[in-house]
Amino acid sequence: MPFRSPHYIGLSRPYPVDINVVMGISNLPGASIDSATLTQNALVEHTNGLNISQSVDWGEMVAAVLSVVPNIKVKSIQLKFTIGGTFAQEDLPITAQQRARTDASKVVVNVI
């Protein structure tokens, strides 16, 4: 087998992209007194559990909250990139070299 040109393979870590979330919920009969905190935790866990290059889908975020926090109704959700952008009810595209992340300081849950 003849010698061929070497192929260099580079590895890099994904670039973290911070996400801000604002969600409005209303409590239904039987809702937990901590529904806002439970909702905030569910949003943080869902976002931080997304894979590299997986876009932030607002519909999936609503479903993630409703699967964990019973007896609430989601009234609104808005997302934005922490750096730049404006809040909107739109999915946030994440590129192949990026990974979405957030924390409790970037997630606001309002009980309406």
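Above: the structure in question.
Remember, predicted model here, so these are calculated numbers, not experimental data.

K.L.:
Hey, could you run me through unusual backbone geometry in this one?
P.N.:
Trans is the common state for peptide bonds, and a negative phi is the common state for residues other than glycine. Notably, Ser53 is not glycine yet its phi reads approximately 70 degrees, a positive angle. Its place among the elements puts Ser53 in the loop between helix H1 (35–48) and helix H2 (58–68). Phi is positive for Asn71, which is not a glycine, with a value near 65 degrees. Along the chain, Asn71 falls in the loop between H2 and strand S2 (72–81). Asn71 sits in the partly exposed class, given a relative accessible area of 36%.

K.L.:
Looking at this structure, I do not really get the nonpolar core. What am I missing?
P.N.:
Taken as a class, soluble globular proteins show a tendency for nonpolar side chains to be buried jointly. Ranked by size, the top nonpolar core spans 22 residues in total, and within it Val21, Leu43 and Val56 carry the most contacts. A per-element tally of this core places strand S1 (residues 15–27) first, with five residues. With residues up to four places along the chain from it excluded, the contact list for Val56 reads Ile19, Leu50, Met61, Leu79, Asp91, Leu92, Ile94 and Ala100.

K.L.:
Would you mind going over H2 with me for this structure?
P.N.:
In an α-helix, one turn spans 3.6 residues; hence positions three or four apart end up facing the same way. Among all positions in H2, only Met61, Val62, Ala64 and Val65 are buried. Viewed end-on, H2 has its buried residues packed into an arc of 160 degrees, placing them on one side of the element. In this structure, the buried residues of H2 make contact with S1, H1 and S2. The N-terminus of H2 is capped by Asp57, whose side-chain oxygen sits 2.7 Å from the backbone nitrogen of Gly59.

K.L.:
Help me out: how do you make sense of the packing of H1 against H2 in this one?
P.N.:
Two packed helices can be described by the angle between their axes and the distance between those axes. One can describe the packing of H1 onto H2 by two numbers: an axis separation of 9 Å at closest approach and a directional angle of 130 degrees. In terms of orientation, H1 lies oblique with respect to H2. In this structure, the crossing between H1 and H2 has a hand that is right-handed. The segment H1 lies against H2, with Thr39, Ala42, Leu43, His46 and Thr47 engaging Glu60, Met61, Ala64, Val65 and Val68. Along the lines of polarity and charge, the residues of the contact of H1 with H2 split into six nonpolar, three polar and one charged.

Thresholds applied
- All chains use their own residue numbering, which begins from 1 and follows the written sequence.
- For a predicted model such as this one, the threshold for reporting local features is a pLDDT of at least 70, and the threshold for listing and counting side-chain atom pairs is 80 or more; totals across whole chains, interfaces and linings nevertheless cover every residue.
- Water and hydrogen atoms play no part in the side-chain values, which are based on all heavy atoms of the structure.
- Every helix listed is a DSSP run of H or I at least four residues long, and every strand listed is a run of E at least two residues long, numbered separately from the N terminus.
- The classification of residues rests on relative accessible area computed with a 1.4 Å probe and restricted to protein chains. Under 20% of the type maximum is buried, over 50% is exposed, and intermediate values are partly exposed.
- The nonpolar core is taken to be a set of buried Ala, Val, Leu, Ile, Met, Phe, Trp, Tyr and Cys residues, with the residues joined through side-chain atoms within 4.5 Å.
- In this analysis, two residues are considered to be in contact whenever any of their non-hydrogen atoms come within 4.5 Å of each other.
- Along the arc lie the directions from the helix axis toward the C-beta atoms.
- Counted as a polar contact is a pair of N or O atoms within 3.5 Å, where, for protein atoms, one must be capable of donating a hydrogen and the other of accepting one, and residues adjacent in sequence contribute only when both atoms are in side chains.
- In this analysis, axes come from line fits to C-alpha atoms, helices being fitted only over the stretch in contact, and the angle between any two N-to-C directions falls in the range 0 to 180 degrees.
- For this classification, under 35 degrees means roughly parallel, over 145 means roughly antiparallel, 65 to 115 means roughly perpendicular, and everything else is oblique.
- For any helix crossing, the convention is left-handed if the near helix is rotated counterclockwise from the far helix by under a right angle, and right-handed if that rotation is clockwise.
- We call Asp, Glu, Lys and Arg charged. Ala, Val, Leu, Ile, Met, Phe, Trp, Tyr, Cys and Pro are nonpolar, and the rest, Gly among them, are polar.

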